[in-house]
Amino acid sequence: MKALVLAGGSATRLRPFSHAIAKQLVPIAGKPVLEHVLRDVAATGVTDAAVIVGDTGPQIVKAIGDGSDLGLNIGYIRQEKPLGLAHCVRLARRFLGDDDFVLYLGDNMLRDGIAGLARRFRAARPAAQLLVRRVPDPREFGVAELGEDGAVLGLEEKPARPRGDRAVLGVYFFTAAVHEAVAAIRPSARGELEITDAIQWLIARGAPVRAVEYEGYWRDIGRPEDVLACSRRYLADLRPRVAGDVDAASELTGPVVVEPGARVRGSRIVGPALVGADSLLDGCRIGPHVAVGRGCVLRGARVRDSIVLDGTVRIGGLALDGALLAPVAAHSIPGRAATGRDSRI
């Protein structure tokens, strides 16, 4: 089995923050979202993966590389403009060949991984296996209509009157049968080749399409509030570790990680919290639920429930609560409160 990971798109719901960094590189508990995704892929036993990239491709290639650190052999395929998920499958046709593959949207976080789901797919090998879960308002999602045995009877994209409450998540397993479907469909009203149309094409021709309920933690990090909620959940898994330098005037409470090269001076940190490598905190009050990136300098800062991006420098008078903070040259998105010398919009 191979993997096709989608990391293109324009991330309009995360603007202006996504002008500073590709959405798939937003750090969650110290690792880019895309790294979490690729680790999930590697845990299934897959070794060959292709990543679809758009305008932020150079950022992504620089951050992820060839995948050797993750146990993967990664290649990159450029999509000139977002033309739909099924279009990505078309672009990757040569790479995928006739192999089974997992299609994984690179802005989805599935904390409990997909290894068990991959085993289930390999055992049964339906033409397509979808991940679904119950949601309070299915009108915001693609919705699967299911039979009693887990067979998918039909799909609707953001229906006004859903026929069920199972949203389709951003991970799909396919056999090579999907290529005929992708070749047969035409662009939707919004000008994209929809993967839901390809799956519906398979269903209409009697191909087996199955749904599996995903019970673990899942989040699509499309909006700032989703990024922060996901960060809180992943930070909750931290175990205390101090590999940097914390002076006697500082206090660490709860699960706090201080990475190598980081320095903490006269500060109080309440976990869960992470201080990235080579960062400096001086006279700060940090946490809970804060992830400070690598190479940051914060002096006199008060930060809670926030993510501070790599390389951010803020000196004096900064108070953040529920914010995504980027370096001055980039952008930040404040949440409930943000005051001081940060570049906020």
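Residues numbered from 1 in each chain as written. Predicted model: local features only at pLDDT ≥ 70, side-chain atom pairs only at ≥ 80, totals over all residues. Heavy atoms only, no water.

Undergrad: In this structure, what is going on with the confidence of the model for the chain? I would like to understand it.
TA: Regions with low pLDDT should not have their predicted coordinates read in detail. Across the chain, pLDDT averages 90, with 91% of residues at or above 70. Within the model, pLDDT remains below 50 along residues 329–345, and this stretch shows 59 contacts once partners closer than five positions in the same chain are excluded. (pLDDT = per-residue confidence, 0-100. Contact = heavy atoms within 4.5 Å.)

Undergrad: Looking at this model, I keep getting lost on the sheet that holds strand S15 (residues 245–246). Mind explaining?
TA: Sheet strands pair by backbone hydrogen bonding; their relative direction is either parallel or antiparallel. Strand order in the open sheet made by the five strands is S15-S18-S21-S24-S27, with parallel pairing throughout. Of all the strands in the sheet, the pair left with one neighbour each is S15 and strand S27 (313–315). By the bridge criterion, two bridges tie S15 to strand S18 (residues 263–265) in an arrangement that is parallel. For Val246, the partnering residue across the bridge sits in S18 and is Val264. (Pairing = 2+ DSSP bridges. Helix = DSSP H or I, 4+ residues; strand = E, 2+ residues; numbered from the N terminus.)

Undergrad: Help me understand the packing of aromatic side chains in this model?
TA: The tally for this structure, following the rule as stated, stands at five aromatic pairs. Relative to Phe174, the ring of Tyr172 lies with its centre 6.0 Å away and its plane at 10 degrees, an arrangement referred to as stacked. Side by side, Tyr172 and Phe174 carry an identical accessibility label, which is buried. Aromatic pair Tyr217 and Tyr234: ring centres 6.4 Å apart, planes at 75 degrees, arrangement edge-to-face. Of the two residues, Tyr217 sits in the loop between strand S12 (209–213) and strand S13 (218–220) while Tyr234 sits in helix H9 (residues 224–235), which places them 17 residues apart along the sequence. Looking at Tyr234, the relative accessible area reads 11%, which means it is buried. Grouping aromatic residues by their ring pairs yields a cluster made of Phe101, Tyr172 and Phe174. Cation over ring: Lys2 sits above Phe95, and NZ or CZ is 5.0 Å from the ring centre. (Phe/Tyr/Trp six-rings, centres within 6.5 Å; stacked < 30°, edge-to-face > 60°. Buried < 20%, exposed > 50% of the residue type's maximum accessible area, 1.4 Å probe, protein only. Lys NZ or Arg CZ within 6 Å of the ring centre and 35° of its normal.)

Undergrad: Is there a simple way to explain the sheet that holds strand S14 (residues 241–242) in this structure?
TA: Across the sheet, six strands lie side by side as S14-S17-S20-S23-S26-S29; this open sheet has parallel pairing. The sheet terminates laterally at S14 and strand S29 (324–325), the two strands that pair on one side only. Here strand S23 (residues 290–292) runs beside strand S26 (residues 306–308); their pairing, made up of three bridges, is parallel. Looking at S26, one finds that Val290 is bridged to Ser306.

Undergrad: Would you explain the packing of helix H7 (residues 177–184) against helix H8 (residues 195–204) in this entry?
TA: Two numbers describe a pair of packed helices, the interaxial angle and the distance between the axes. Packing of H7 against H8 brings their axes to within 8 Å, and their N-to-C directions diverge by 115 degrees. The angle between H7 and H8 falls in the class roughly perpendicular. Of the two possible hands of crossing, H7 and H8 adopt the one that is right-handed. Between H7 and H8, the contacting residues are Ala177, Val178, Glu180, Ala181, Val182 and Ala184 on the first element and Ala198, Trp201 and Leu202 on the second. Here the residues of the contact of H7 with H8 are counted per class, giving eight nonpolar, no polar and one charged. (Axes fitted to C-alpha atoms, helices over the stretch in contact; angles between N-to-C directions. Parallel < 35°, antiparallel > 145°, perpendicular 65-115°, else oblique. Left-handed = near helix turned anticlockwise from the far one by under 90°. Nonpolar A, V, L, I, M, F, W, Y, C, P; charged D, E, K, R; others polar.)

Undergrad: What is the right way to read helix H2 (residues 33–43) from this model?
TA: Residues separated by three or four positions in an α-helix point in the same direction, a consequence of the helix having 3.6 residues per turn. Counting buried residues in H2 gives eight out of eleven residues, a clear majority hidden from the surface. Residues of H2 that are buried include every one of Val33, Leu34, Glu35, His36, Val37, Leu38, Asp40 and Val41, and no others. Two residues or fewer past H2, Gly45 is found with a positive phi of approximately 95 degrees.

Undergrad: Could you clarify how one ought to interpret the state of the cysteines in this entry?
TA: A covalent bond between the sulfur atoms of two cysteines is what we call a disulfide. Applying the stated criterion across every chain, the model contains zero disulfides. Looking at Cys230, it has no disulfide partner, and the nearest cysteine sulfur is the one in Cys296, 19 Å off. In this structure Cys284 is a free cysteine whose sulfur lies 11 Å from that of Cys296, the closest cysteine sulfur available. (Disulfide = S-S within 2.5 Å.)

Undergrad: Help me out: how do you make sense of helix H6 (residues 115–124) in this one?
TA: Taken together, the buried positions of H6 are Leu117, Ala118 and Phe121. The buried residues of H6 all sit within an arc of 100 degrees when viewed along its axis, so they share a single face. Relative to its buried face, H6 has exposed residues pointing more than 90 degrees away, namely Arg119, Arg120 and Ala123. Packed against the buried residues of H6 are strand S8 (128–134), strand S11 (166–174) and S12. Where H6 ends, the next residue or the one after it, Arg125, has phi of about 50 degrees, a positive value. (Arc of directions from axis to C-beta.)

Undergrad: Would you mind showing me how to read the side chain of Glu194 here?
TA: Mapped onto the elements of the fold, Glu194 is located in the loop between H7 and H8. By relative accessible area, Glu194 is classed as buried at 10%. For Glu194, the contacting residues outside a window of four places in its chain are Ala86, Ile185 and Ser188.

Undergrad: Looking at this model, I keep getting lost on the environment of Leu110. Mind explaining?
TA: Secondary-structure assignment places Leu110 in strand S7 (residues 108–110). Taking relative accessible area as the criterion, Leu110 reaches 1% and is therefore assigned buried. With 60 residues separating them along the chain, Leu110 and Gly170 place their C-alpha atoms 9.5 Å apart. The residues contacting Leu110, other than those within four sequence positions of it, are Asp40, Tyr104, Leu131, Val171, Tyr214, Tyr217, Trp218 and Tyr234.

Undergrad: Just checking my understanding: could you explain the pattern of salt bridges for this structure?
TA: A side chain with one charge can pair with a side chain of the opposite charge if their charged atoms come near. As enumerated under the stated definition, the model contains 27 salt bridges in all. A salt bridge links Asp226 to Arg223; its shortest N-O distance comes to 2.8 Å. Overall, the relative accessible area of 6% leaves Asp226 in the buried class. Linking Asp321 and Arg304 is a salt bridge whose minimum nitrogen-to-oxygen distance equals 3.8 Å. (Salt bridge = Lys/Arg side-chain N within 4 Å of Asp/Glu carboxyl O.)

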